[in-house]
Amino acid sequence: MSEKEGKIYTITDIAKELGVSKTTVSRALSGKGRIGTETAERVRSFVERHNYTPNVVAKGLAQNKTYNLGIVFPFDYPDIPFFKECMDGICETAYHYNYDIIISVHWKEGVSQIQRLVMNHKVDGMIVTRAVINSQVVRFLKERRMPFVVIGPSDDLEVSSIDNPNREAGRELTSLLLMKGLRRLALIGGSDMHYVTESRKQGFIDAHLEQGITAASELIYTEVSDYRKTRRVVEQALSAGADGFICMDETICNLALGCLREMGIRIPADVKVVSMYDSHQMEFNLPPVTSLRFDTRGLGRKACLEMLRMLGENAEDEEAELSYELVLRDSTKT
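Details of the pairing of strand S10 (residues 290-294)
Then comes step 1: Counted residue by residue, S10 has 4 buried out of 5 residues, so it is predominantly covered.
Then comes step 2: Where strand S9 (residues 272-275) meets S10, 2 bridges bridge the pair, whose relative direction is parallel. Pairing of Ser275 across the sheet is with Ser291, part of S10.
Then comes step 3: The sheet contact formed by S10 and strand S11 (residues 324-327) spans 4 bridges and is antiparallel. Each bridged residue has a counterpart across the sheet, and for Leu292 the counterpart in S11 is Leu326.

Looking at the side chain of Asn164
Then comes step 1: As for its placement among the helices and strands, Asn164 is situated in the loop between strand S5 (160-162) and helix H8 (166-179).
Then comes step 2: A relative accessible area of 6% means that Asn164 is categorised as buried.
Then comes step 3: In contact with Asn164, not counting residues within four places along its chain, are Phe82, Phe294, Asp295, Thr296, Leu299 and Leu322.

Re the sheet that holds S10
The pairing of strands in a sheet happens through backbone hydrogen bonds and is either parallel or antiparallel.
Then comes step 1: Spatial ordering of the open sheet is given by S7-S6-S8-S9-S10-S11, a layout of 6 strands whose pairing is mixed. In this open sheet, the two edge strands, each paired with only one partner strand, are strand S7 (220-221) and S11.
Then comes step 2: Against the sheet, helix H9 (residues 195-210) contacts strand S6 (185-188), S7 and strand S8 (244-247), and its axis sits at roughly 165 degrees relative to S6.

Things to note about the environment of Leu322
Then comes step 1: Examined against the element boundaries, Leu322 turns out to sit in the loop between helix H13 (296-310) and S11.
Then comes step 2: What makes Leu322 buried here is its relative accessible area of 16%.
Then comes step 3: The spacing of Leu322 and Phe294 is 28 residues in sequence and 8.0 Å in space, taken between C-alpha atoms.
Then comes step 4: Leu322 has contacts with Ile162, Asp163, Asn164, Pro165, Asp295, Gly298, Leu299 and Lys302, leaving out every residue within four places of it along the chain.

Details of the sheet that holds strand S1 (residues 68-74)
Then comes step 1: The strand order across the open sheet built from 5 strands is S2-S1-S3-S4-S5, with neighbouring strands paired in parallel fashion. Each of the sheet's edge strands pairs with one partner strand only, and the pair in question is strand S2 (100-106) and S5. Across the sheet, the mean angle separating the axes of adjacent strands is 25 degrees when strand polarity is ignored.
Then comes step 2: Strand direction decides the pairing type here: strand S4 (residues 148-151) and S5, joined by 3 bridges, are parallel. Across the sheet, the residue bridging to Ile151 is Ile162, located in S5.
Then comes step 3: Sheet strands touched by helix H6 (residues 112-119): S1, S2 and strand S3 (125-128). Its angle to S2, the strand with the most contacts, is close to 145 degrees.

Reading the values: the criteria
- Residues take numbers from 1 onward in each chain, read along the sequence in its written order.
- Confidence filtering applies because this is a predicted model: local features only for residues at pLDDT of at least 70, side-chain atom pairs given and counted only at 80 or more, and all residues used for totals across whole chains, interfaces and linings.
- Side-chain metrics in this entry use all non-hydrogen atoms of the structure; hydrogen atoms and water are not considered.
- To sort residues, take the accessible area from a 1.4 Å probe on protein chains only and compare it with the maximum for the residue type: under 20% means buried, over 50% means exposed, and anything in between is partly exposed.
- Think of it this way: any DSSP run of H or I at least four residues long counts as a helix, any run of E at least two long counts as a strand, and we number them from the N terminus.
- Between any two strands, pairing holds if DSSP finds at least two bridges.
- Residues are treated as being in contact if the distance between any of their heavy atoms lies within 4.5 Å.
- A fitted line through C-alpha atoms serves as each axis, taken over the contacting stretch for helices, and the angle formed by two N-to-C directions is quoted from 0 to 180°.

Pasting the structure below:
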């Protein structure tokens with residue numbers, strides 16, 4: 001075996017070996033640009049003779065690409081299981097196509113970290129993991145003409161987005177409680193700036209309309225983010241005759257359950273409780289909570305595949321459409 005076999009070459013190495021310019025090697029590797037047939041053949045012969053596969057850096061230089069994808073997480077992502085599961089799917093897919101991942105965190109103060117990645121040409125595209133109304137991140141990426149995909153719903157036709165069927169799932173979960181005879185359902189959600197909040201609220205309303213029931217608008221609460229706010233809306237809902245609580249995610253559900261237990265409210269005897277997002281916390285709670293289980297890893301994979309297609313990769317998606325499962329547990333037993 002030649003001592004050069006297995007060596008990781010750069011364009012500079014190949015150019016030095018063959019006595020040509022780096023631009024010439026780059027054109028030969030990419031198949032783009034004007035280059036003589038004899039010279040191109042010398043480069044190809046070198047590659048074949050040394051059993052050489054261009055490393056990512058060399059390939060990137062040849063094609064003016066970094067082979068890096070950026071993932072934009074919100075500042076609170078470490079506390080939310082959704083983002084870890086989503087990242088697993090993105091990283092798994094990126095690895096398969098020889099791309100690396102650079103993580104960027106969007107702080108409330110601005111997009112400086114994301115700006116550095118884009119302005120310094122560190123990434124070929126960005127995957128934004130939270131869909132936000134009037135998003136600073138989306139606005140910046142559009143202005144810079146950076147390819148990007150948003151995970152979550154979007155009403156901007158210029159934005160490529162991939163989302164779970166949150167509205168449909170929310171409708172089915174709400175219908176379950178309505179069919180059990182509950183009529184005063186309280187809905188508790190997070191920020192109105194998150195598109196997913198509106199999707200889940202619409203599913204809640206859809207279920208009521210399908211059964212000819214008017215959803216109690218006074219029992220719809222959003223902007224709930226901590227224990228103090230959760231305690232206040234739980235008390236208000238119970239005073240207004242709530243017989244069930246639909247929480248938009250597992251974090252809010254845990255807060256609501258804690259408040260109800262402290263108030264001596266029995267679940268499911270006094271009220272039913274469900275979550276529009278499942279996690280291990282919901283499964284191992286007391287009582288275990290009926291929840292919606294999404295393929296969040298699959299969501300990450302699909303977002304990454306969409307990003308890769310935007311970058312010109314032949315990234316085929318052989319998986320079924322994103323769906324969900326309604327997981328019945330003790331919190332809704334009759």
